[in-house]
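Observations on the three-dimensional arrangement
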Amino acid sequence: MCSDVPAERRKRGYNTVTFLRAQGMPAKICKALHGFATTRPVYRNLATALLKRCRALPLHGFQRLSDLTDEQLVAAVNQATRLEIAWLTRGPRPSTSSPYLNSAEGSTSGKRSWYKIISAPPNEEVDWLSPITSSYSLCATKSGKVVCWDVHRDQCLAEWDPKERWELWKCRVEFDIRTVFFTMAKVLQRSAQSNVRVDDRVMEFVLMKLEFPLSGEPTFSELATFKTTGVVMNVFLLDPSSCLLSAFVWVASSNTIGLYALLDWRKEEYAFIDTGIECSMSSNWSCILYQEQIVIHSEESDVAHQYFYPLSVLQQHARPSSTSDSFVPGISLRLAPISIMAAPFIFPPLTRSQSPESNTYEDEVPNVNAEEPAGDIDGEGPINTNAEDDEGSGTVADSNPFPYPPWYPESAHFVRQWWPTLASVPRLSCTVVLLANHEPDTHRTRYVLAQHYFKVPLIEPDELEQMRTAAAKAVEVAHSNGVNDADDVVNGTDNGAGGSSPSSSSSRRSRHTSSSSTNKWSAEYTPEQEPTKGRAAESTMMRLWYVSDPFEVVCVLDGLDDELDPDSGQERPRPLLAVDFGHAVWIEFTYPPEEDREDKRLRFVTFPPVTNDREAMAYGGASSVESLEGIVHTLDVPDELDLDTVETINIDQSQGAIIISVRDGQIFILCYE
């Protein structure tokens, strides 16, 4: 019976079991511990721990955590824990117990015991595909249709057909209200064909929702339409409950970011400002709602910035909109962020080795070190007491191993917790960046993956207070040592500050302020300044993990429709890469180009889980080499799946599934455990 108790709980109860077993009561102990360990409060705590590590629970359909029975909660937590440990150590293996494998008649059987094939919409090309729970998928086609598909019955449940070419830009699932929100877009006024400036290019968007009632079929309905001018970079469904939407627009004339917002999409009004924030080719952008503020999150090669715009400030600059064909929105003014925050990335140790699968193009060799994760899953693993924090130890790199240039972001993927969660679980984000390096001599492009977690705000008030204290100590030391310029100490030219010399990697210096407008601490940066260095300036969420052995990801060429993107003039390569929180899956070439072989394989990586405990991840110690490098695995694929025909790829970490669509109208759902 003791073997039925999950390893996590057995470990925690080991000392108690050892003591009581010595008293000669092993059978009673096992029974008592098993009974205690399977109570709802214990499993609710375990579920909370999983969710705080940003690991989703494998719920069925639109189940909520509060809806689960005790037995369902135990099963969900146990499955999620097994999946997490397995993917962190040995990697995914074919599964026969995924909810995706259930059908209307029961579980699948036979040779397709671990995968499922369903149909794509007939006579359509798949443009975009995403799972909506383990029961449904949402598919956008290249003709402009959006189709909701029943995974188990393999049939269409609902369809939105605008009778013209639209493109799906953004999708968000709200589990509590059983609704999917998404935006569709098309170009109205073409700069290339109408001699219109890029900044005057007009796009139209329609905001839709797909509702899943408790009984009956799902239905599509239109919520709002709106127009934008300029080149729209991305659209964000920030908060459907308050009808809040935003978009980033490239202002070409000033090379800055424009912020467009529908503060309430039920009203005919919009806010559109020029932020004055420079749009750099090497930057990656996301947008997040935080405490009644729209936060522009920007990541450069070495540092991340967050720019805060309170909704109340944007509301002051709202303008009326119209559904008239002649209406065109415009920028009202240039408005600087109310507050700015920045944090440098924490790069791996200089003494980094290759990833466990050291040669990308060789046949896989079992990783003998992969069975023991670096640090405990709960963040309670052994602490490395020999780790050094000072720069003189040489354990922390002071430079980016993949700087820009020559490494540039081919694609960036920002993921928030999309799954059902609890109010006590903090909201975090995950970034996965596909970095590319094009070699002009060989015309070969090599890729690596970089991943990290972050939060809003980047730096908490207590961390900023530590930074203020560190700065004050630096000034005091400078004065006591007769240094005229305290910046010499802050910047690390004087290492006499009690052995706590700096280890930051940013190229800019911080100055610590408190914004009276938002009453939030911020660390503002200006270009002419140098960075404040030191442990206190580092955000605990900014460690970078890599898949650092270069590989060649397979790309598909999307034929651009003149109606959607008339200004591009050429096909755009789209990497066959998908990410979920802390995971990535992609298709790559098995052999280098010089071997003239086109074999492909499906690759997968799980990055270390979220933890705020620096030492739990063995950062800076001998074992940190493995903990800062993603362990890549090659996944089994069915013989029926031809990787040469893949068009889209997606991942559902909650169910351990990879969803792949191919050119002949089939969708493969591969289930792993």
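Throughout this description, residue numbers start from 1 for each chain and increase along the sequence as written. Thresholds applied to this predicted model are a pLDDT of at least 70 for local features of residues and 80 or more for the giving and counting of side-chain atom pairs; totals over whole chains, interfaces and linings are not thresholded and use all residues. Based on all heavy atoms of the structure, the side-chain values leave hydrogens and waters out of the count.

Some remarks on the overall build of the protein chain
How we decide: Secondary structure elements are taken from DSSP: a helix is a run of H or I of four residues or more, a strand is a run of E of two residues or more, and numbering for both begins at the N terminus. Categorising residues by exposure relies on relative accessible area from a 1.4 Å probe, with only protein chains included: less than 20% of the type maximum marks a residue as buried, more than 50% marks it as exposed, and the intermediate range marks it as partly exposed. The contact rule is simple, with two residues in contact once any of their heavy atoms fall within 4.5 Å. Each accessible area is a Shrake-Rupley estimate made with a 1.4 Å probe; only the visible protein chains count as cover when residues are assessed.
Check the secondary structure of the protein chain and you find 10 helices and 36 strands. The burial tally for the protein chain puts 54% of its 673 residues in the buried class. Sequence-distant contacts in the protein chain: of pairs separated by 6 or more residues, those separated by 24 or more amount to 63%. As presented, the protein chain carries roughly 29500 Å² of accessible surface, and 47% of it is formed by carbon and sulfur atoms.

A short note on the environment of S97
For S97, the position within the fold is in the loop between α5 (70-88) and β1 (102-103). Relative accessible area serves as the criterion here: at 52%, S97 is assigned to the exposed category. Taking the C-alpha atoms as reference, S97 lies 8.5 Å from E673; in sequence the two are 576 residues apart.

What to know about the sheet that holds strand β3 (residues 115-119)
In plain terms, the rule: We call two strands paired when DSSP finds no fewer than two bridges between them. Axis angles are defined between N-to-C directions and span 0 to 180 degrees, where every axis is a line fitted to C-alpha atoms and, for a helix, only to the segment in contact.
If you trace the 4 strands from one edge of the open sheet to the other, you get β3-β36-β35-β34, paired in antiparallel fashion. The open sheet has two free edges, formed respectively by β3 and β34 (646-652), since each of these has just one partner strand. Within this sheet the neighbouring strands show an average axis-to-axis angle of 20°, counted without direction. Relative to strand β35 (residues 657-662), β34 runs antiparallel, the two being bridged by 6 bridges. By the bridge assignment for β35, V646 is matched with V662.

Examining helix α4 (residues 40-52)
Here is the rule: What a helix is expected to span follows from its residue count: subtract one and scale by 1.5 Å.
When the terminal C-alpha atoms of α4 are compared, their 18 Å separation across 13 residues agrees well with the 18 Å that a helix rising 1.5 Å per residue should span. Within α4, the full set of buried residues consists of V42, Y43, L46, A47, T48, L50 and L51. At the C-terminal side of α4, C54 shows a positive phi close to 60°.

Quick word on the packing of aromatic side chains
Centre-to-centre distance and the angle between the planes together describe a pair of aromatic rings. Rules: Think of it this way: a Phe, Tyr or Trp ring, Trp meaning its six-membered ring, pairs with another when their centres are within 6.5 Å, and the plane angle makes it stacked under 30 degrees, edge-to-face over 60, tilted otherwise. As a reminder, the over-ring test applies to NZ of lysine and CZ of arginine, requiring each to be within 6 Å of the ring centre and within 35 degrees of the ring normal.
Applying the stated rule across the entire model yields 26 aromatic pairs. Aromatic pair W114 and Y115: ring centres 5.3 Å apart, planes at 70°, arrangement edge-to-face. Like W114, the residue Y115 is buried in the burial classification. Among the aromatic residues, those joined into a ring-pair cluster are F62, Y136, F175, F212, W418, W419, Y453, W545 and F581. Taking NZ or CZ as reference, R597 lies 3.9 Å from the ring centre of Y591, over its face.

Focus: α5
With 19 residues, α5 should reach 27 Å at 1.5 Å per residue; the first-to-last C-alpha distance of 27 Å fits that figure. Residues of α5 that are buried include every one of L73, V74, A76, V77, N78, A80, T81, L83, E84, A86, W87 and L88, and no others.

Brief notes about the nonpolar core
What counts, and what does not: Throughout this description, the term nonpolar core refers to a set of buried Ala, Val, Leu, Ile, Met, Phe, Trp, Tyr and Cys residues connected via side-chain atoms within 4.5 Å.
Among the nonpolar cores identified, the biggest contains 43 residues, and L449, F581 and W586 are the most heavily contacted of them. Counting residues per element, the ones that place at least two in this core are α4, α5, β23 (429-439), β24 (444-454), β27 (545-551), β30 (577-580) and β31 (583-589). For this core, the leading source of residues is α4, giving 6 residues. Excluding its chain neighbours within four sequence positions, the residues that come into contact with F581 are C54, R55, V415, R416, Q417, W419, L428, S429, C430, Y453, V610 and Q653.

A short note on the environment of Y404
Assignment of secondary structure puts Y404 in the loop between β21 (339-344) and β22 (408-416). Residue contacts for Y404: discarding those within four places in its chain leaves M281, S282 and S301.

Comments concerning the sheet that holds β30
Reading across from one edge, β30-β31-β32-β33 is the order of the 4 strands in this open sheet, with antiparallel pairing throughout. Of all the strands in the sheet, just β30 and β33 (631-634) have a single pairing partner and so form its edges. For this sheet, the mean angle separating the axes of adjacent strands, direction not counted, is 25°. Two elements, strand β32 (residues 600-606) and β33, share 4 bridges in a ladder whose sense is antiparallel. If you follow R603 over to β33, its bridge partner there is T634.

Considerations on the pattern of salt bridges
Going by this rule: Salt bridge, as used here: a side-chain nitrogen of Lys or Arg that lies within 4 Å of a carboxyl oxygen of Asp or Glu.
Using the criterion set out here, one finds 22 salt bridges in the structure. Note that D150 and R153 form a salt bridge whose closest N and O atoms lie 2.8 Å from each other. Residue R153 is classed as partly exposed on the basis of its relative accessible area, which comes to 40%.

Observations concerning the state of the cysteines
Put simply, the rule reads: By convention in this document, the label disulfide applies to cysteine sulfur atom pairs within 2.5 Å.
Counted according to the given criterion, the structure contains 0 disulfides. No disulfide involves C54; its nearest neighbouring cysteine sulfur is the one of C430, lying 8.1 Å away. Its relative accessible area of 1% is what places C54 among the buried residues.

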